[in-house]
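# Topology and contacts: notes
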Amino acid sequence: MAETLTHTDKHHDHHDHHEGENWDGGAQPFKASYGKLMMWYFLLSDAFTFAGFLIAYGALRIAMPSWPIADKVFSTFPGGFHEKPLYFVTLMTFILLFSSYTMVRAVQDGHREYKKGIVVWMALTILGGLAFLGCQAWEWNTLIGKEHMTITKNPFFTTTEHGTYLDPELGAMVPGETILLHKIQTAHGADDHGDHGHGGDHGHADDHGDHDHHLPGFTTTDATYNSIGDQKYAVVDKNGFILHKYTVQDENGITINGEDGKPLVKTESLGPKAFGALFFFITGFHGFHVFSGVVFLIIIMVNVASGLYEKRRNGYEMVEKIGLYWHFVDLVWVFVFLVFYLI
Amino acid sequence: MGHMTHEESVKSATKWIIVLAVITICEVLFALLGKGYIIEGVHFPVWIMALVMIVMSLVKAYLIVYEFMHMKYEVPGLVKSVLLPTLLLVWAVIAFFWEGADWNKRRSLIDNKNKETVETVRSSGQSGELIKELEQ
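Residues numbered from 1 in each chain as written. Chains lettered and ligands numbered in written order. Predicted model: local features only at pLDDT ≥ 70, side-chain atom pairs only at ≥ 80, totals over all residues.

### What to know about the overall build of chain A
- Counting its secondary structure elements, chain A contains nine helices and six strands.
- Put simply, of all contacts in chain A between residues at least 6 apart along the chain, 59% involve residues at least 24 apart. (Helix = DSSP H or I, 4+ residues; strand = E, 2+ residues; numbered from the N terminus. Contact = placed C-beta atoms within 7 Å.)

### Thoughts on the overall build of chain B
- The number of helices and strands found in chain B is five helices and zero strands.
- For chain B, the succession of helices and strands along the chain, N to C, is α-α-α-α-α.
- Looking at the 136 residues of chain B, the share that counts as buried comes to 13%. (Buried ≥ 20, exposed ≤ 12 C-beta atoms within 10 Å, placed from the backbone.)

### Details of the nonpolar core
- Val 304, Val 319, Val 336, Phe 337, Leu 338, Val 339 and Tyr 341 of chain A are the most contacted members of the largest nonpolar core, which has 66 residues in total.
- Of all the elements in the fold, those that place two or more residues in this core are helix 3 (34-63), helix 4 (70-73), helix 5 (87-111), helix 6 (115-146), helix 7 (274-306) and helix 9 (317-342) of chain A together with helix 1 (6-34) and helix 2 (46-68) of chain B.
- In terms of residue count, helix 9 of chain A provides more of this core than any other element does, 18 residues in total.
- Residues within four places of Val 336 of chain A in sequence aside, it is in contact with Ile 282, Thr 283 and His 286 of chain A. (Core = buried A, V, L, I, M, F, W, Y, C linked by C-beta atoms within 7 Å.)

### Quick notes on the interface of chain A and chain B
- Across the boundary between the two partners, chain A contributes 43 residues, which contact 49 residues of chain B.
- Of all the elements in the fold, those that place two or more residues in the side of chain A that touches chain B are helix 3, helix 5 and helix 9 of chain A.
- Here the element with the most residues in the side of chain A that touches chain B is helix 3 of chain A; it accounts for 11 residues.
- When its residues are assigned to classes, the side of chain A that touches chain B shows 28 nonpolar, 10 polar and five charged. (Nonpolar A, V, L, I, M, F, W, Y, C, P; charged D, E, K, R; others polar.)

### Digging into the packing of helix 3 of chain A against helix 9 of chain A
Residue and element names in this part refer to chain A.
- Where helix 3 contacts helix 9, the two axes come as close as 10 Å, and the packing angle between them is 15 degrees. Classified by the interaxial angle, the pair formed by helix 3 and helix 9 is roughly parallel. Of the two possible hands of crossing, helix 3 and helix 9 adopt the one that is right-handed. Where helix 3 approaches helix 9, its residues Gly 35, Lys 36, Met 39, Leu 43, Asp 46, Phe 50, Leu 54, Tyr 57 and Gly 58 are matched on the opposing element by Glu 317, Glu 320, Lys 321, Leu 324, Tyr 325, Phe 328, Val 332, Phe 335 and Val 339. (Axes fitted to C-alpha atoms, helices over the stretch in contact; angles between N-to-C directions. Parallel < 35°, antiparallel > 145°, perpendicular 65-115°, else oblique. Left-handed = near helix turned anticlockwise from the far one by under 90°.)

### Comments concerning the confidence of the model for chain A
Residue and element names in this part refer to chain A.
- Considering every residue of chain A, the mean pLDDT works out to 74; 62% of them sit at 70 or more.
- For residues 1-16, every residue scores under 50 in pLDDT, and the model assigns this stretch 10 contacts once sequence neighbours within four places are set aside.
- Overall, residues 161-173 carries pLDDT values under 50, and its contacts beyond four positions in sequence, including any with other chains, amount to 28 contacts. (pLDDT = per-residue confidence, 0-100.)

### Observations regarding helix 2 of chain B
- When the terminal C-alpha atoms of helix 2 of chain B are compared, their 32 Å separation across 23 residues agrees well with the 33 Å that a helix rising 1.5 Å per residue should span.
- Every buried residue of helix 2 of chain B is accounted for by Met 53, Ser 57, Lys 60, Ile 64, Val 65, Glu 67 and Phe 68 of chain B.
- In this structure, the buried residues of helix 2 of chain B make contact with helix 5 and helix 9 of chain A together with helix 1 of chain B.
- Positive backbone phi, approximately 60 degrees, marks His 70 of chain B, located one or two places after helix 2 of chain B. (Expected span 1.5 Å × (residues − 1).)

### Brief notes about the packing of helix 7 of chain A against helix 9 of chain A
Residues and elements named next belong to chain A.
- Contact pair helix 7 / helix 9: the axes reach a minimum separation of 10 Å and the direction vectors enclose 160 degrees. In this view, helix 7 runs roughly antiparallel relative to helix 9, as classed from their interaxial angle. Crossing of helix 7 against helix 9: the hand is left-handed. For the pair formed by helix 7 and helix 9, the contact residues are Phe 279, Ile 282, Thr 283, His 286, His 289, Val 290, Gly 293, Phe 296, Leu 297, Ile 300, Asn 303 and Val 304 on the first element and Met 318, Val 319, Ile 322, Tyr 325, Trp 326, Val 329, Val 332, Trp 333, Val 336 and Phe 340 on the second.
- A class-by-class count of the residues in the contact of helix 7 with helix 9 yields 17 nonpolar, five polar and no charged.

### Focus on the environment of Ser 100 of chain A
- Mapped onto the fold, Ser 100 of chain A is located in helix 5.
- Between the C-alpha atom of Ser 100 of chain A and that of Met 318 of chain A, which follows or precedes it by 218 residues, the distance is 16 Å.
- Beyond its immediate sequence surroundings of up to four residues, Ser 100 of chain A is in contact with Trp 326, His 327 and Asp 330 of chain A together with Phe 68 of chain B.

Below, the structure written as C-alpha cells:
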C-alpha cells in the first residue's frame, strides 16, 4: 500500500492536495472497504435476479384460474407423517434462521479478533447450511420420487368453481381443494386394497399403496392410457395421473383423424403446468446459493484457522463478507417461504 | 461495531434472532389459522392472508438487512445506493401482476367463447355443413 501511495504521489505532485486525497486510493467512499462495498452491489444484483424469478412466479400464478395450495403440496414429514401442512418447511426456515445467528456471532468474534470463537461459530453455520440442504434434498426426493412432480408435469391441481379444473365425474370434489392426482383413487374405496394383488404394478410402485387404481372400469395392467369407466374427458396414464382428454380439431372445427382412422385424441395434465418448473428452478437456485455459501464458508473457516487473516491484519474482513452473503441467502428464503408456502 | 462492546452486540443479536423466530411462528400459525387447520371452518379472505404475510415478511427482511447485515451502521450514501434501486421492483410487481391478472380474465373470456361455438356445432349435428353455411 505504501509503495502505491508514493507512486501515485509522484504523478499528482503538481495537483492540489484535495484531489490527491480522493484519487490516490487511500480514501474509502461510503466508509466501507472495496470488498464489502462490492459484496453489497453483488447482492443487489442477485436480489434483482431472484426478484425476476419470483415476479414471473407471481404473474403466472395470478394468470391461472387456480393454483395448487401449498399446505396440501408440502404436507409430508420424514418418518412417514402425512397431512402435516407446513411443518417440514417451517423446520427448514428455522434451520436457516439460526445459521444466520451463528454467522452473526462469528462476525462478532471477528471484530474482537477471537480466532477460536470465529472457527466454532462458522463450523455451526456450515452445519446449519448442510442441514438445510439435506432437508431440501428430502423434500425434492418426495416430490419427484413419490408424487411424480417434474418440471413439465404437475400432479397437483386445485378444483375451481368455473369448471376449468373441476370434473365432477372424477369423484366428489369440493371447489377450491388441492388434490394430488394419483391420490384421488383413495376416495373410491382404497381401503380394501389388501384383497387383490398389485398385478403388474408391483415392481415400481411398492412404496405407495395409493397407486392401486379403484376407478370403475380401470385396471393398471392396460397400456399407456386407460379410460375411466364411461368418462369422456379424462384418462389415467400408467403412472396413475388423471389427464384431461380432448379430440383435436382443425380450424374449421372438424375433428382430425389419426393414422388408424379414429379421431385423434390428445391429453394434457390438469394442474397448472408451470408449477413444477417454477418450484424446482426457484428453490433450486436458492439451494445453489446455500451450497456455494457452504463451500465459501468452509474455505474461509480453514483460512481463519490457519491464521491467514491474522497475517493480513484486516480484522477478519473476509468473515464479514461471507456473513453478508449468508444473511442474503436467509433473506431470499424469507420471500421464497412467503410466496411458495405461506400464501 | 465500534460503538458497542462485544457483550452488547451479542445481546442485541440474540434479541433480534428471538424476534425473527417469533415472527416466523406467527406467520405459520396465521397461515394455518386462515386456512382452517386450527379452528374448524375458519377461513380468512385471500387478500387479508396475503397482506398480513407480506407485511410480516417485510419486517423480517428489514431486521435481517438492518440488524444482521449491519445496514444500520453504514453511511447514508451506501444505504441509498443499495436500497433505492430495489424500488424499481415495485413497478415490476405492479406491471407484471396487472398483466397476469389480465391473462386470467381473458382466459375465461376465451373459454366462454369456445363453449358457445362448440354448443352450436353440436346442436346442428353436422359441424362441417354448418360452417360451410355460415361462410356463404
